[in-house]
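Residue-level listing of the chains:
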Amino acid sequence: MTGMDNNNVLTSTQIVIEEALRKLGYGDDMIELLKEPMRLLTVRIPVRMDDGKTRVFIGYRAQHNDAVGPTKGGVRFHPDVNEIEVKALSIWMSLKCGIANLPYGGGKGGIICDPRKMSFRELERLSRGYVRAISQIVGPTKDIPAPDVMTNAQIMAWMMDEYSRIREFDSPGFITGKPLVLGGSLGRESATAKGVAIMIDEAMSKKGIAVAGSRVVIQGFGNAGSFLAKFMHDAGAKVIAISDVNGALYNEQGLDIEDLMDRRDSFGTVTNLFKDTISNEELLALECDVLVPAAIENQITASNADSIRAKIIVEAANGPTTLEATRMVTDKGILLIPDVLASAGGVIVSYFEWVQNNQGYYWTEAEVDDKLREMMVRGFNNVYELHTLKKVDMRLAAYMVGVRKMAEAVRLRGWV
Ligand code: NAD
């Protein structure tokens, strides 16, 4: 791996993709094809705001590669959305689908906006406008969106409705993460967190740590972080710290997660209700068994990796640890479960939702949970085995498992 600490998420991904493909025996032509998405659409979406004026929002949809099947991945609403991030996120989705062995390539979308400052109706118009702008390149057999940062089931419902109107037939399989009454799957909302909890179980058993009584620290209290806190709390672990964009809460005896869940708003913010908070930086450096970054990119970097005192890091967020920090924490003996493996639960249950939509036959929550566990554990074992067999770090092992089916499909189709 590179010695430099590269915070550019796309460049870092390309470095590991190249290394993974080379280790798998592929050459420059395959690397050239898979290091970038095959398609990136940029759109400008006019939205009539509540004050009567029109604002133009910029949106993206990236599709990494469709050799395995249609592309799949979330849509992010955030002021920092940009082309580089969307491209990297689409590649990560390919890797997650590869690790979970789903019949998809990776896709990702985003709109530069701040939903916290928009009304419900403005958000509806923006969501519908985005679907009209990208409708040519998406669809149940082309590219299937889903929720991501600051998008939710209501936004998926508007998007599905807009797509169905354009196509003039009911198209639940166009998008996943929908409300249950519109063809959503049981267990989808908490699937990412459930998958992360399963990864924590597996990682702890490798390290000989019991879940009951263990100390867990979670950065981010949104969809991924809050459900995870609840699952860990229910499993008998002590969640000693959580955080949001405003700061972190810490209690060595364990926080009252149910109370915090009740108090959190729909953007995953809770700490501004409390006075005695610590900083996110202090949270990352707490001594604990498991540290779970579940917020945003580039949180564990070369400048703070030395201060990490966790035994295990499980990346619920996409891209929270830089490459240099990955090397540093791995050298310290910390077991790192990389994002493309740890947070695959969301896309796995999205896949189940799509299968149920296509069949028109719906599963029980227990069926969803059992199948999720089976796929996550299989993914973990494949990555962990390669990590020990080839003596590569967990991130490189995950990339190798994640990219090999896609590279094989590309070769068999005769593209390279
Ligand atoms: P969310 O918007 O529901 O929550 C994000 C949380 O992070 C909030 O608590 C927010 O306050 C906090 N946060 C934002 N900026 C922060 C900062 N600078 N420092 C500390 N905390 C900050 O988002 P989510 O859906 O929970 O996603 C979180 C991460 O997990 C993202 O990286 C996302 O891509 C990844 N992820 C989510 C899913 C999913 O299904 N929701 C699936 C896979 C990966």
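The model shown is predicted, which means the values in this text are computed figures rather than measured ones.

### Things to note about the pattern of salt bridges
Line of reasoning, step 1. Considering all chains together, one arrives at 32 salt bridges under this definition.
Line of reasoning, step 2. Between K117 and D114 there is a salt bridge whose closest N-O contact spans 3.6 Å.
Line of reasoning, step 3. Classification of K117 as exposed rests on a relative accessible area of 71%.
Line of reasoning, step 4. Two residues, E287 and R309, come together in a salt bridge whose shortest N-O distance is 4.0 Å. Here E287 is found in strand β9 (residues 287–293), whereas its partner R309 is found in strand β10 (residues 309–314), with 22 residues between them in sequence.
Line of reasoning, step 5. Taking the relative accessible area as the measure of exposure, E287 reaches 45% and is therefore partly exposed.

### So, the packing of helix α1 (residues 9–23) against helix α3 (residues 83–100)
Line of reasoning, step 1. α3 packs onto α1 with a crossing angle of 35° between their chain directions and a minimal axis gap of 8 Å. Crossing geometry of α1 relative to α3 is assigned as left-handed. Within the contact between the two elements, α1 uses V9, L10, T13 and I17 and α3 uses I84, E85, K87, A88, I91, W92 and L95.
Line of reasoning, step 2. Looking at the contact of α1 with α3 residue by residue, the class counts come to 8 nonpolar, 1 polar and 2 charged.

### Considerations on the packing of aromatic side chains
Line of reasoning, step 1. Tallied over the entire structure, the rule returns 9 aromatic pairs.
Line of reasoning, step 2. Pairing Y351 with W354 gives two aromatic rings, centres 6.2 Å apart and planes at 35°, and the pair type is tilted. Of this pair, Y351 and W354 are both found in helix α12 (residues 345–359), 3 residues apart, which corresponds to roughly one turn of the helix.
Line of reasoning, step 3. Aromatic pair F380 and Y384: ring centres 5.6 Å apart, planes at 10°, arrangement stacked.

### Digging into the pairing of strand β8 (residues 247–250)
Line of reasoning, step 1. In the sheet, strand β7 (residues 238–244) pairs with β8 via 4 bridges, with the strands oriented antiparallel. Counterpart to D244 in the pairing with β8 is G247.
Line of reasoning, step 2. Hairpin connection from β7 to β8: 2 residues lie between these consecutive antiparallel strands.

Conventions used here
Residues numbered from 1 in each chain as written. Predicted model: local features only at pLDDT ≥ 70, side-chain atom pairs only at ≥ 80, totals over all residues. Heavy atoms only, no water. Salt bridge = Lys/Arg side-chain N within 4 Å of Asp/Glu carboxyl O. Buried < 20%, exposed > 50% of the residue type's maximum accessible area, 1.4 Å probe, protein only. Helix = DSSP H or I, 4+ residues; strand = E, 2+ residues; numbered from the N terminus. Axes fitted to C-alpha atoms, helices over the stretch in contact; angles between N-to-C directions. Left-handed = near helix turned anticlockwise from the far one by under 90°. Contact = heavy atoms within 4.5 Å. Nonpolar A, V, L, I, M, F, W, Y, C, P; charged D, E, K, R; others polar. Phe/Tyr/Trp six-rings, centres within 6.5 Å; stacked < 30°, edge-to-face > 60°. Pairing = 2+ DSSP bridges.

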